[in-house]
Amino acid sequence: MHFLARGAAAFLVPLLMSATAVAQENPAPESTPKAAAELNPLLDACLKPADAQTVIVTCTTAIESRQLQGDSLAAALFRRGLTQSQRAQGAAAVNDFSAALKLTPGAVDLLFARASVYAAMKRHDLAIADYDKLLKLVPGDPDSLYRRAWSQAALGRDEAAVRDLSDLLGEAKGDIDALMDRGGLYLRLGKFAQGAADFSAIVSQDEKAAAAFYNRGRAGFLKGDFKAAAKDFAEAERLRTDNPYAALRRYLAAAQADGKVPGQILTETLAKFPPEQWPMPVLATIAGKIPEKDLLASTSVADKNVARRIEAEAHYYLGEAALLKKDAKAARAHFAAAAKGDRSLPEAIDAGWRLKQIP
């Protein structure tokens, strides 16, 4: 589960629709590219709905005809840029948006589109610069604040990302995506109580928000409130019966809370899910059915990104299991290995803090 779900999942088309809506609600005269009252036939063909290849061909013809100027040329560049971005042709899209911006400086939809492509290209510094400009034109725009927070977080500027999300929530207190992501950032910053408060705010709106219960359980666990964590993980498990992570976390929290090994949780979960479903091999290892070395060897899958993720997860849960056995040395080694993982991965974040909490 990534802490910036909306930022990671929604790209380009929803953003551009939002940017257009912002432009309509906050008109900037002589700013946003607009077609003339009577369109040039070449521009008309460029702007008509069509498949991506046709759009690129017709817009290229219009752009290279030298018949378009000013707003009309900007509109053709914008349309071609959008289509290129949807085809993951980021560099070409940026070139078109930049050329259009020279013709219509300060056009919010163009700035939004270019920033989105920069972010997708992992040029978050350039994305932030565009969002800075956009927020001067449309102060407090929630989509720009959200996206700037996404890029700030990607660069490790967590405090700046929290400020953006807090500004957004100042205007839209019930924004569940912003609450979820700010809560995740708070956990990454070690501000567990603030994170728990954000997840509680979500639960107060939606009592079926399994992700909020799960992440509040993480916050409780990191605070040392293992009973509350076990309760939250149990609720997440009840709401998402297809997710074995909640059961694994509930087992660890219950064991820490009671000082006993709640073997029934492991037995029931192992019987419920297919043995090959991740993280079931982790549960099987904790239950003593698979040797640790075999579990860690099984994380070497072909996809390197997947391999890094599941290796970090395996080390984190093995570290927690080692703590239950009072083996602080093994726990440190596992947590240190897990903390090297993707810093947006919950297990990598939690491992870093658990490493600091070991006496």
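In this text the structure is predicted, and so the values were computed from the model without any measurement.

*Asks:* Help me get a handle on the overall build of the protein chain, residues and values and all.
*Replies:* The helix and strand inventory of the protein chain stands at 21 helices and 0 strands. By residue count, 50% of the 359 residues in the protein chain fall in the buried class. Sequence separation of at least 24 residues holds for 55% of the intrachain contacts in the protein chain that already meet a minimum separation of 6. A total of about 17000 Å² of accessible surface is found on the protein chain, and carbon and sulfur atoms cover 54% of it.

*Asks:* Talk me through the state of the cysteines; I want residue IDs and the actual numbers.
*Replies:* Throughout the structure, instances matching the rule amount to 1 disulfide. Each sulfur of the disulfide joining cysteine 46 and cysteine 59 lies 2.0 Å from the other. Negative torsions about the S-S bond denote left-handed disulfides, and the value of about 85° found for cysteine 46 with cysteine 59 makes this one right-handed. Linking cysteine 46 in helix H3 (residues 41–47) with cysteine 59 in helix H4 (residues 52–64), this pair joins segments that are 13 residues apart in sequence. Like cysteine 59, cysteine 46 is buried.

*Asks:* Explain the pattern of salt bridges residue by residue, including any values.
*Replies:* Scanning all chains against the criterion turns up 19 salt bridges. Aspartate 130 serves as the salt-bridge partner of arginine 114, at 2.8 Å between the closest nitrogen and oxygen. In this pair, arginine 114 is assigned in helix H7 (residues 108–120) and aspartate 130 in helix H8 (residues 124–137), connecting sequence segments 16 residues apart. In this structure, aspartate 158 and arginine 343 form a salt bridge, with 3.3 Å as the shortest nitrogen-oxygen distance. Taken together, the residues aspartate 158 in helix H10 (residues 158–171) and arginine 343 in the loop between helix H20 (328–339) and helix H21 (346–357) connect sequence positions 185 residues apart. For aspartate 158, a relative accessible area of 5% puts it in the buried group. A network of salt bridges, in which partner residues are shared, links Arg218, Arg249, Glu347 and Asp350.

*Asks:* Just give me the short version of H8, but keep the residues and values in it.
*Replies:* Taking 1.5 Å per residue as the helical rise, H8 with its 14 residues ought to reach 20 Å, and the 20 Å between its terminal C-alpha atoms agrees with that figure. Along H8, the residues classified as buried are His124, Ala127, Ile128, Asp130, Tyr131, Leu134 and Leu135. Projection of H8 onto a plane perpendicular to its axis shows the buried side chains occupying an angular sector of 165°, all on one side.

*Asks:* Can you tell me about the packing of helix H13 (residues 210–223) against helix H14 (residues 226–239), naming the residues and giving the values?
*Replies:* The contact between H13 and H14 brings their axes to 8 Å, and the two run at 160°. The pairing of H13 with H14 is recorded here as roughly antiparallel in orientation. For H13 against H14, the interelement crossing comes out left-handed. Facing H13, whose interface residues are Ala210, Phe213, Tyr214, Arg216, Gly217, Arg218, Gly220 and Phe221, H14 presents Phe226, Ala229, Asp232, Phe233, Glu235, Ala236 and Leu239.

*Asks:* So what's going on with the packing of H7 against H8? Which residues, and what values?
*Replies:* At a minimum axis distance of 8 Å, the contact between H7 and H8 shows a crossing angle of 160°. What the angle tells us is that H7 and H8 run roughly antiparallel. Judged by the sense of rotation from one axis to the other, the crossing of H7 with H8 is left-handed. Taking contact as the criterion, the partners of Val108, Leu111, Phe112, Arg114, Ala115, Ser116, Tyr118 and Ala119 in H7 are, on H8, His124, Leu126, Ala127, Asp130, Tyr131, Lys133, Leu134 and Leu137.

*Asks:* I'd like to hear about the side chain of histidine 315, residue by residue, with values.
*Replies:* As for its position among the elements, histidine 315 is in helix H19 (residues 304–324). Accessibility expressed as a relative area gives 12% for histidine 315, which makes it buried. Non-local contacts of histidine 315, meaning those with residues more than four positions away in its chain, are made with Leu296, His334, Phe335, Ala337 and Ala338.

*Asks:* Describe in detail the environment of alanine 74, supporting the description with residues and values.
*Replies:* Mapping alanine 74 onto the fold places it in helix H5 (residues 70–86). Judged by relative accessible area, alanine 74 falls into the buried class, the value being 0%.

*Asks:* So what about the packing of aromatic side chains? Which residues, and what values?
*Replies:* As enumerated under the stated definition, the model contains 7 aromatic pairs in all. For the pair tyrosine 316 and tyrosine 317, a centre-to-centre distance of 5.0 Å together with 70° between the ring planes defines the contact as edge-to-face. In terms of burial, tyrosine 316 and tyrosine 317 fall into one category: buried. Site record: aromatic cluster; members linked through ring pairs are Tyr316, Tyr317 and Phe335.

*Asks:* Outline the confidence of the model for the protein chain, supporting the account with residue identities and numerical values.
*Replies:* When the pLDDT values of the protein chain are averaged, the result is 90; 90% of them are 70 or greater. Across residues 1–32, where pLDDT falls below 50, the model places 66 contacts with residues more than four positions away in sequence or in other chains.

*Asks:* Let's hear about H5: which residues, and what values?
*Replies:* Helix length check: H5, at 17 residues, gives a terminal C-alpha distance of 24 Å against a target of 24 Å (1.5 Å per residue), a fit within 8%. Of all 17 residues that make up H5, 14 are buried, and the element is covered over most of its length. At the exit of H5 stands alanine 88, carrying a positive phi of roughly 65°.

*Asks:* Which residues make up the environment of leucine 110, and what values do they have?
*Replies:* Positionally, leucine 110 belongs in helix H7. Counting along the chain gives 20 residues from leucine 110 to aspartate 130, while the straight-line C-alpha distance between them is 9.6 Å.

*Asks:* Account for unusual backbone geometry, naming residues and giving values.
*Replies:* In this structure, the amide linkage connecting tryptophan 278 to the following residue, proline 279, adopts the cis form with an omega of 10°. Inspection of the secondary structure assignment puts proline 279 in the loop between helix H16 (263–272) and helix H17 (280–286). Positioned with a positive phi, alanine 88 is a non-glycine residue whose angle comes to about 65°. The topology assignment puts alanine 88 in the loop between H5 and helix H6 (90–103). Note on alanine 88: relative accessible area 70%, which makes it exposed.

So, how was this worked out
- Residues numbered from 1 in each chain as written.
- Predicted model: local features only at pLDDT ≥ 70, side-chain atom pairs only at ≥ 80, totals over all residues.
- Heavy atoms only, no water.
- Helix = DSSP H or I, 4+ residues; strand = E, 2+ residues; numbered from the N terminus.
- Buried < 20%, exposed > 50% of the residue type's maximum accessible area, 1.4 Å probe, protein only.
- Contact = heavy atoms within 4.5 Å.
- Areas by Shrake-Rupley, 256 points an atom, 1.4 Å probe, with all protein chains shown as cover.
- Disulfide = S-S within 2.5 Å.
- Salt bridge = Lys/Arg side-chain N within 4 Å of Asp/Glu carboxyl O.
- Expected span 1.5 Å × (residues − 1).
- Arc of directions from axis to C-beta.
- Axes fitted to C-alpha atoms, helices over the stretch in contact; angles between N-to-C directions.
- Parallel < 35°, antiparallel > 145°, perpendicular 65-115°, else oblique.
- Left-handed = near helix turned anticlockwise from the far one by under 90°.
- Phe/Tyr/Trp six-rings, centres within 6.5 Å; stacked < 30°, edge-to-face > 60°.
- pLDDT = per-residue confidence, 0-100.

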